[in-house]
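Close look at the chain arrangement
The primary structure of each chain is shown beneath.
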Amino acid sequence: MANTAFTDDQMRDTQGLVFSGYGAFPYCSYYLLQIKDPNKARSWIKRLVDEKITPGEPDKALRKQTGALNIALTAAGLSELGVNTGSFEQAFQEGMQSRSRATILGDQGKNASTAWLWGSDDKPVHILLMLFSVDEKTHSKSQKEEETAFKQGGVVLIKDLERFDTTNLNEEKGREHFGFADGVSNPLVEGFSSPTETGSGNEQAPRVIPTGEFILGYPNGYDGKVTKVPGEETLKDEEKFGFNGTYLVLRQLEQDVQTFWTFIRNEAKKQKIDQDYLAAKIVGRWKNGAVVKPDETKPPQITDADMALRNQFDFRDDYDGKGCPFGSHIRRTNPRGQGLGIEQKVENGQLTQASVETSLKVANRHRILRRGRSYGAFIENPLKENISGERGLFFICLNANIERQFEFIQHTWVNSLKFNGLYDEDDPLIGTYASANPGFKRSFTLPEDPLRRKVCDFQEFVKLRGGGYFFLPGIKALRMIGG
Amino acid sequence: MEQKPITIVADVLDEKSLTELTRYLTPIGKDIKNNKIIRFATLKTLHYCCFIVIEDNPPPPGISRAAPVLVFEANIDGKVNEFLAEIVRQYPEFMHKVYSHCEGYLKEGKKPSNEELQAFLLANDRGANAFYIGHPGQTLEIIGYQNTLRSTLEAYIDANRPKLVKLAPDEIKKAILEHLAKTVPGFAQNKPVKTPALIKFAQMLSPYVNWVILFLALAVFVLVFMIAGEIGVFFILGLIAVFTGYLLFREIMDKQDERLQWDSIYLKDLQDVENRQAQNHLSSIIYVKPGKFRLLTLTAVLFFINLVAKVFATEGNLSGIVTIHFARWIILPGKANERTRLLFFSNYDGSWENYLGEFIDHASIGLTAVWSNTESNARPGGFPDTRLLGVVFDENKKWTSLFPAGARDEQRFKAFARNSQRPELIWYSAYPDLAVKNIGNNMKIHEGLFSDADLSGWLKRL
């Protein structure tokens, strides 16, 4: 059994992104970099670690700062800098673009790495540099500083690519491009001294996820075992390269907002139902973030502080999916207290506490910390405007085991036609089963009284433009690289 | 009709045969549907099958390397000899060609007749020490029929929903019944198969398996007391104490693999055949720990699992795992100076990661009880440390997690499992698009059409 507790010092040795999405810094740029001169790159990293990098801050000192900077490296990047990647997780070593990972993730057809803008074997990425600032002026100043610094540091932007600037959709009350409240569900993590997020579960039993599910070197969700910390086998965990690090998954997901809402409009008209009702059923939440409850036809009034409907819920009162459909996006990406393969007992119209508990325990072994941001201009009225440009989500998530957490969600929940006893449908919002399997007709079932409603034969709304598996090392590990 | 496991194990003649066999079977496996040699779909009682060549690789120190074996795993309806006769009758060339590379195929130096080949196969069938069937009694024919029934029914609802939702629930069902009677041939005659009363009773008891076992154990004690008095009871208690003590001693001496590395030479090949569709196949081979004692405990555990699978786990649910169509364990004795091995085959829904996760989340006790008697091929020991076969564990009781975790040591167990796996040359599924849960639901839909119980529950299944 692990007895390593997560202390303030450990927090200061972990990069700040683990603890916060930096909501206070609305301006953000992602740089995808390639190493040209490893020696120069090492000194560049050394300088970053000494002067720029943002560690976890137990005492909320972050609030006094004007920005943040974090960096992550791919397996290829670590190798370039002389780090032996042989003891890292298999999925990370192979990389998101590899054939075996693509099979698991369903990244095929139009989503195949050969069609990506970046991250394929032809356009490998070594380093992800993430820059956050409090205002525009500060941001353009730090952009200039960092761009000059990495150019002198033997590191270049991937060919043909500008840096990626994100869009501040926070002004739109934290919406994503389809128009739904986003980022409302993030796990509450043990040992994080200033939790900025709420946990799923319910008010009586808020769920706390073990630290080791998100940072390497600490007890994980399996009886407090420690997920493998990469580094020299002979060293103690605390001395290994991977200690206080975590895996970072980055996917650039283009969202086809106009196609989505056109489909919703036409289908709602055809079925004589409300547009927002149909869209909410597909997402599993109303636009304001509240989960769809059984028998609801209109969104409930909620305030931003009202988390009960946004995150602190499970599906004990919705075990037959008549509120939030089994196949809906949020039920797939986090099934919460909903029988994951286990027998479910219903008493007084609700799942029993025991059924919910067992199921939550399983679901919580497949959680991720979401840290992504949107890019591209927001469209207020997707059905009227003449829309141009690309928009989407830089999906970023952190996890201690890519295969058991991120990949599992993608394969077993999002893209599985058999999720929750269903027959032949994938995640209606982000599923990519049809791209990987030409000829497959998409459908989505809405359990209703007295008979289920079905939506058939619709397009995919999300396209993968690039992606990669990165490692977000601890501060000491970055110093090891810097030499 | 009963489902049966076929496990034909034959020694491959030599290196040359090994190469030729692999060269012959590989393209068939890559084009299972359209190859010119064998179409498994013409075998109307075959659910799943696999052809795999297993080399004793890498050889353990000081032990002779066992000859490579060809294993043919099949999950069938009805009688084994009838199936073998059928496959030899339909595909004589394939079967002769495959087994001509195996020891004992030739009859007095000559090519055997079809009947002789069939007898050879039957003689080499090892069945299974433990066999689990997702939905016992569901023949290939029934599974197919019920799936057609559901598709017809779903298409009818899709086309007529606006009209149907205006009706009362019993009228909806009536309309569906009328439509099916008109469109599905033989609808009225094809009634759902009744579950035998004894199995129904066992299904009712299945949540209380622990109590049933406790009751049976007590009954044994009472019986012994009645026959042999106190001395008999003490004798049995003494036996148990000696057994437990020795088991603990052996378990403390065993060493787990401290590394968490996936270093199997077969890893790439495995990744190539996995996740091509909604179902997957797992083949694993591993050494039984040396000595008679571990062989005894393993045999006993498998006997018990077989019993649970036959009697209690008959509704697509093996102690919480709801993704297994068919699984089997076979103890493979070695020849002189070779090690005894444990073979495991499973035909399951979803990804490897999900399957292993379900095993650990729901069935770690049974899993540990089996595999803690085995050790890795690559290095001595290997299985995560275990005490008392891992049977003393209750996730609601904190103190039990003080014991070494066995299969609950997630990463160590996954590495152990991954390193024991071998890629198959041919794997066939008769219904690759149906999950265990789908088959169960189709069955319930069919039953509901001929029963008036729980109408609203039935409508939810559609």
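Residues numbered from 1 in each chain as written. Chains lettered and ligands numbered in written order. Predicted model: local features only at pLDDT ≥ 70, side-chain atom pairs only at ≥ 80, totals over all residues. Heavy atoms only, no water.

1. Regarding the overall build of chain B
What counts here: We count a stretch as a helix when DSSP gives it H or I for four or more residues in a row; a strand needs E for two or more, and each element gets its number in order from the N terminus. Radius of gyration: over C-alpha atoms. The globule rule applied is 2.2 Å multiplied by the number of residues raised to the 0.38 power. By definition in these notes, contact holds between two residues if any of their heavy atoms fall within 4.5 Å. Charged residues are defined here as Lys and Arg on the positive side and Asp and Glu on the negative side; His and the ends of the chain fall outside this count. Taken as the charge location is NZ of Lys, CZ of Arg, CG of Asp or CD of Glu.
A tally of regular secondary structure across chain B gives 14 helices and nine strands. In terms of overall size, chain B behaves like a compact globule, its C-alpha atoms giving a radius of gyration of 25 Å where 462 residues would be expected to give roughly 23 Å. Projected onto the principal axes, the alpha-carbon positions of chain B cover approximately 75 × 65 × 45 Å. For chain B, long-range pairs separated by at least 24 residues make up 79% of all intrachain contacts whose partners lie at least 6 apart in sequence. Within chain B, the 50 negative side-chain charges are centred at a point lying 2 Å from the centre of the 52 positive side-chain charges.

2. Considerations on a nonpolar patch on the surface
The cut-off we apply is this: Residues form patches when they are more than 30% accessible in relative terms and have no salt bridge. Like charges link within 9 Å. Nonpolar side chains (Val, Leu, Ile, Met, Phe, Trp, Tyr) link within 5 Å. To be clear on the numbers: accessible area is Shrake-Rupley with a 1.4 Å probe, and residue cover counts the displayed protein chains and nothing else. Here, a salt bridge means any Lys or Arg side-chain nitrogen found within 4 Å of an Asp or Glu carboxyl oxygen.
Together, Val222, Leu223, Phe225, Met226 and Ile227 of chain B make up a nonpolar patch on the protein surface, roughly 570 Å² of accessible area in all. Among the secondary structure elements, Phe225 of chain B is positioned in helix 8 (residues 209–253).

3. Some details on the packing of aromatic side chains
Filter applied, for reference: Only centres within 6.5 Å qualify two rings of Phe, Tyr or Trp (six-membered ring in Trp) as a pair; their planes then separate them into stacked at under 30 degrees, edge-to-face at over 60, and tilted for everything else. Three exposure classes are used, based on accessible area relative to the maximum for each residue type with a 1.4 Å probe and protein chains only: buried under 20%, partly exposed in between, and exposed over 50%. Ring-over charges, as used throughout, are those where CZ of Arg or NZ of Lys falls within 6 Å of the ring centre and within 35 degrees of the ring normal.
Going through the model one piece at a time under the given rule, you end up with 51 aromatic pairs over all chains. Their ring planes at 50 degrees and their centres at 5.5 Å tell us that Phe243 of chain B and Phe293 of chain B sit as a pair that is tilted. Highlighted residues: Phe243 of chain B in helix 8 and Phe293 of chain B in helix 10 (residues 292–311), separated in sequence by 50 residues. The exposure class of Phe243 of chain B is partly exposed, given its relative accessible area of 34%. Feature note: the residues Phe178, Phe180, Phe260, Trp261, Phe263, Phe458 and Phe461 of chain A constitute an aromatic cluster, connected by ring pairs. Geometry around Phe313 of chain A places Arg336 of chain A over its ring, the cationic atom sitting 3.9 Å from the centre.

4. Description of the pattern of salt bridges
Within this structure, the stated rule accounts for 51 salt bridges over all chains. A salt bridge links Lys240 of chain A to Asp237 of chain A, with the nearest nitrogen and oxygen atoms 3.2 Å apart. With relative accessibility at 11%, the residue Lys240 of chain A sits in the buried group. One salt-bridge network, held together by shared partners, links Glu94, Arg101, Glu403 and Glu407 of chain A together with Lys268 of chain B.

5. As for the interface of chain B and chain A
For clarity, the threshold we go by: Two parts placed together each lose some accessible area under a 1.4 Å probe, and adding up what both lose gives the buried area. Side-chain atoms alone can form a polar contact between residues adjacent in sequence; in general such a contact is a pair of N or O atoms within 3.5 Å, and within protein one must be able to donate a hydrogen while the other accepts it. Gly counts as polar in this scheme, as do all residues outside two lists: the nonpolar Ala, Val, Leu, Ile, Met, Phe, Trp, Tyr, Cys and Pro, and the charged Asp, Glu, Lys and Arg.
Taken together, the contacts link 45 residues of chain B with 45 residues of chain A. Counting the surface lost from both chain B and chain A, the interface buries some 3900 Å², and carbon and sulfur atoms represent 48% of this. Between Glu154 of chain B and Lys454 of chain A there is a salt bridge, with the nearest N and O atoms lying 3.7 Å from each other. The tally of links from chain B across to chain A stands at 18 residue pairs in polar contact (both at pLDDT 80 or more). Where the side of chain B that touches chain A is concerned, the elements lending two or more residues are helix 5 (140–164), helix 9 (267–273), helix 11 (352–371), helix 12 (410–420), helix 13 (436–449) and helix 14 (455–460) of chain B. Classifying every residue of the side of chain B that touches chain A gives 15 nonpolar, 13 polar and 17 charged.

6. What about the side chain of Thr211 of chain A?
Residue and element names in this part refer to chain A. Mapped onto the elements, Thr211 comes out in the loop between strand 7 (208–209) and strand 8 (246–255). Take Thr211: its relative accessible area is 6%, and that puts it in the buried class. There is a polar contact of 2.7 Å between the side chain of Thr211 and the backbone oxygen of Glu190. For Thr211, the contacting residues outside a window of four places in its chain are Phe6, Val189, Glu190, Gly191, Phe192, Tyr218 and Pro219.

7. With respect to the sheet that holds strand 7 (residues 341–349) of chain B
Residue and element names in this part refer to chain B. Defined as follows: Strand pairing requires that DSSP identify at least two bridges connecting the strands. Orientation is described by axes fitted as lines to C-alpha atoms, over the contacting stretch for helices, and by angles from 0 to 180 degrees between their N-to-C directions.
One open sheet holds the five strands; their spatial order is 4-6-7-5-8, and the pairing between them is antiparallel. The open sheet terminates on both sides in strands that have one partner only, identified here as strand 4 (130–133) and strand 8 (374–375). Here strand 4 runs beside strand 6 (residues 324–332); their pairing, made up of four bridges, is antiparallel. Within strand 6, the residue paired with Phe131 across the bridge is Arg328. Helix 12 contacts strand 5 (279–288) and strand 8 of the sheet and is inclined by roughly 95 degrees relative to strand 5.

8. As for the packing of helix 7 (residues 257–271) of chain A against helix 8 (residues 275–283) of chain A
All names here are of chain A. For the record, the criterion: Here the angle decides the label: under 35 degrees means roughly parallel, over 145 means roughly antiparallel, 65 to 115 means roughly perpendicular, and every other value means oblique. By the definition used in this description, the sense in which the near helix is turned from the far one sets the handedness, with an anticlockwise turn below a right angle giving left-handed and a clockwise turn giving right-handed.
Where helix 7 meets helix 8, the axes come as close as 9 Å, and the angle between the chain directions of the two elements is 120 degrees. One finds that helix 7 runs oblique with respect to helix 8. For the crossing formed where helix 7 meets helix 8, the hand is right-handed. Taking contact as the criterion, the partners of Phe260, Trp261, Phe263, Ile264, Arg265, Glu267 and Ala268 in helix 7 are, on helix 8, Gln275, Asp276, Leu278, Ala279 and Ile282. Of the residues assigned to the contact of helix 7 with helix 8, the class counts are eight nonpolar, one polar and three charged.

9. Some points on the pairing of strand 7 of chain B
Here is the key point about a regular strand: its side chains alternate between the two faces of the sheet. Most of strand 7 of chain B sits out of view: nine of its nine residues are buried. Neither face of strand 7 of chain B is exposed, since Arg341, Leu343, Phe345, Asn347 and Asp349 of chain B on one face and Leu342, Phe344, Ser346 and Tyr348 of chain B on the opposite face are all buried.

10. Section: unusual backbone geometry
Omega for the bond connecting Asp449 of chain A with Pro450 of chain A falls within 30 degrees of zero, at -5 degrees, which places this linkage in the cis form. As for its position among the elements, Pro450 of chain A is in the loop between strand 14 (443–446) and strand 15 (453–456). If you check the backbone angles, Lys272 of chain A has positive phi at about 55 degrees while not being a glycine. Here Lys272 of chain A shows up in the loop between helix 7 and helix 8. If you check the backbone angles, Glu108 of chain B has positive phi at about 45 degrees while not being a glycine. Within the secondary structure, Glu108 of chain B sits in the loop between helix 3 (92–99) and helix 4 (114–123).

11. Section: the domain arrangement of chain B
Which entries qualify depends on this criterion: In this document the domain limits rely on a domain assignment from an automatic tool or a database.
When its domains are assigned, chain B resolves into domain 1 (1–127), domain 2 (147–183 + 439–460) and domain 3 (193–424). A C-alpha centroid distance of 43 Å is found between domain 1 of chain B and domain 2 of chain B.

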